Amino acid sequence: MSDVLRPEAASAIAAWAQRVSANREQAERVREAAPPRDFYAAIASDFRADPRRTDELALDVLRSLVRPGETWLDIGAGAGRYALPLALQAKTVIAVEPSESMRSGLRDDMAGHGISNIEIVPARWPMNAPPSADVALIAHLGYDVEEIGPFLDAMEASARRLCVAMLVTPSPPHLAEPFWPPIHGEPRIQLPGLTEFLVLLLARGRLFDLRLAARDALTYPDPDGPLRWLHQQLFVAPDTPKGRQLTTLARDAITSRGGRWALSWDPVPLGIVSWRPRG
């Protein structure tokens, strides 16, 4: 039996896979409609941000890790929330992103901000013939990756100098979890987050540097923003009985400050983890 205080790599990987699998199977069981071809199409705009922003501590930590002339690999780059600001310092950023809506947002912001040193790769990680880079980054990716062992193996194989992961604890869907019992009649199975990721790295024999920060509350420019996210996270449509019930419940939870709306204004613990890939 694996020691819970010092788990073996295989045990930690299996536990991660079991949690992700159970979370996925639960979603498939309660889902009201077939999954969309592009999961992020309805909310891709929520992942865009000013690449020259100076009010995000986690981004400051990432910037401090960039060395002149380096190539960075941003796995699951999304709409470029981190690929764009990193491209302002690195020689090149390779943005691997499977979602067309996310890639479209990235291309728009590259043009809008005059950034041209990002190579967009439309693929899901791990991928065939992966690119190599000095640094490989995952930012808020991995929570729902069932085959986390091969995923990290491929990440380390593509990084010459450093691997970096940015994760929160609990995992991002936690704000939707209180709505599961009244809507679906059961608690949500929680995905792994930063805490579990650190255990996983140690089990794999990787020592790491950890910088802690806080992720600001997820806010939206309109009151329907949190609703769109909640309907997505509970896998219900707005015009169904469950969807209308969720809307009613959520209206009481959504509040506004300074022209922004959110389900919660509490910051979430966030870690920027860096480790050397094994050669």
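To keep things clear, this report deals only with the structure shown in the data block. Worth saying up front: this structure is predicted, and the values here are computed from it rather than measured. (Residues numbered from 1 in each chain as written. Predicted model: local features only at pLDDT ≥ 70, side-chain atom pairs only at ≥ 80, totals over all residues. Heavy atoms only, no water.)

### What to know about the overall build of the chain
Counting secondary structure elements, the chain contains nine helices and nine strands. Along the longest, intermediate and shortest principal axes, the C-alpha atoms of the chain span 55 × 55 × 35 Å. Each of the 279 residues in the chain was classed as buried or not, and the buried ones make up 51%. Taking the contacts inside the chain whose residues are at least 6 apart along the sequence as the reference set, 76% of them involve residues at least 24 apart. Just so you have it, the chain exposes about 13500 Å², and 53% of that area is on carbon and sulfur atoms. Positive and negative side-chain charges of the chain, numbering 31 and 34 respectively, have mean locations separated by a distance of 3 Å. (Helix = DSSP H or I, 4+ residues; strand = E, 2+ residues; numbered from the N terminus. Buried < 20%, exposed > 50% of the residue type's maximum accessible area, 1.4 Å probe, protein only. Contact = heavy atoms within 4.5 Å. Areas by Shrake-Rupley, 256 points an atom, 1.4 Å probe, with all protein chains shown as cover. Lys, Arg positive; Asp, Glu negative; His and termini not counted. Charge placed at Lys NZ, Arg CZ, Asp CG, Glu CD.)

### Examining the packing of aromatic side chains
A full pass over the atoms with the stated rule returns two aromatic pairs. Ring plane angle 65° and centroid distance 6.3 Å describe the contact between W16 and F197, whose orientation is recorded as edge-to-face. With W16 in helix 1 (residues 9-30) and F197 in helix 7 (residues 194-203), the pair connects residues that are 181 residues apart, well separated along the chain. For F197, a relative accessible area of 1% corresponds to the buried category. The rings of W16, F197 and W275 are connected pair by pair, giving a single aromatic cluster. (Phe/Tyr/Trp six-rings, centres within 6.5 Å; stacked < 30°, edge-to-face > 60°.)

### Some thoughts on helix 5 (residues 148-158)
Counting buried residues along helix 5, eight of its 11 residues qualify, which places the element largely inside the surrounding structure. When we look at burial in helix 5, the residues that qualify are I148, G149, F151, L152, A154, M155, E156 and S158. Looking at the buried residues of helix 5, the elements they touch are helix 1, strand 1 (71-75), strand 4 (133-139), strand 5 (159-168), helix 7 and strand 9 (268-275).

### Things to note about the pattern of salt bridges
Scanning the entire structure with this criterion turns up 16 salt bridges. Salt-bridge contacts for E28 lead to R31; the nearest nitrogen and oxygen are separated by 3.1 Å. Relative accessible area serves as the criterion here: at 44%, E28 is assigned to the partly exposed category. Among the salt bridges present, the one from D60 reaches R63, with a minimum N-O distance of 3.3 Å. With D60 and R63 both in helix 2 (residues 57-65) and three residues apart, the pair spans about one turn of that helix. The exposure class assigned to R63 is buried, which follows from its relative accessible area of 17%. One salt-bridge network, in which partners are shared between bridges, spans D153, E156, R204 and R206. (Salt bridge = Lys/Arg side-chain N within 4 Å of Asp/Glu carboxyl O.)

### Here's the deal with unusual backbone geometry
In this structure, P126 follows W125 across a cis peptide bond, with omega equal to -5°. Within the fold, P126 resides in the loop between strand 3 (118-121) and strand 4. P170 follows T169 through a cis peptide bond whose omega is -5°. Turning to its location among the elements, P170 is positioned in the loop between strand 5 and helix 6 (180-184). Notably, F235 is not glycine yet its phi reads approximately 60°, a positive angle.

### Some remarks on the sheet that holds strand 6 (residues 209-215)
Strands belonging to one sheet form pairs held by backbone hydrogen bonds; the direction of such a pair is parallel or antiparallel. Sheet architecture is open: seven strands sit in the order 3-2-1-4-5-9-6, paired in mixed fashion. Two strands bound the open sheet, and with one partner strand each, they are strand 3 and strand 6. Adjacent strand axes in the sheet meet at a mean angle of 20°, parallel and antiparallel pairs treated alike. As judged from the four bridges shared by strand 2 (residues 92-96) and strand 3, these two strands associate in the parallel manner. Residue I94 lies in a different strand from strand 3, and its bridge partner there is E119. Sitting on the sheet, helix 2 touches strand 1, strand 4, strand 5, strand 6 and strand 9, and the angle it makes with strand 5 is about 175°. Those strands touched by helix 7 are strand 5, strand 6 and strand 9, and its axis lies near 20° from that of strand 9. (Pairing = 2+ DSSP bridges. Axes fitted to C-alpha atoms, helices over the stretch in contact; angles between N-to-C directions.)

### Regarding the environment of G69
On the secondary structure map, G69 appears in the loop between helix 2 and strand 1. Put simply, G69 and Q233 are 164 residues apart on the chain and 40 Å apart in space, counted from C-alpha to C-alpha. Contacts of G69, omitting those with residues within four sequence positions, involve K91 and D134.

### Brief notes about empty space enclosed by the protein
If you walk through the whole model with that rule in mind, you get one cavity of 30 Å³ or more. Of the pockets and cavities examined, the largest cavity occupies roughly 30 Å³. A per-class count over the lining of the largest cavity returns five nonpolar, no polar and no charged. (1 Å grid on protein atoms, 1.4 Å probe; cavity = no way out; pocket = protein on both sides within 12 Å on 5 of 7 lines; lining within 4 Å. Points joined across faces, edges and corners; volume = space filled by probe spheres on them. Nonpolar A, V, L, I, M, F, W, Y, C, P; charged D, E, K, R; others polar.)

Treat this as a map of the structure, not an account of what it does.
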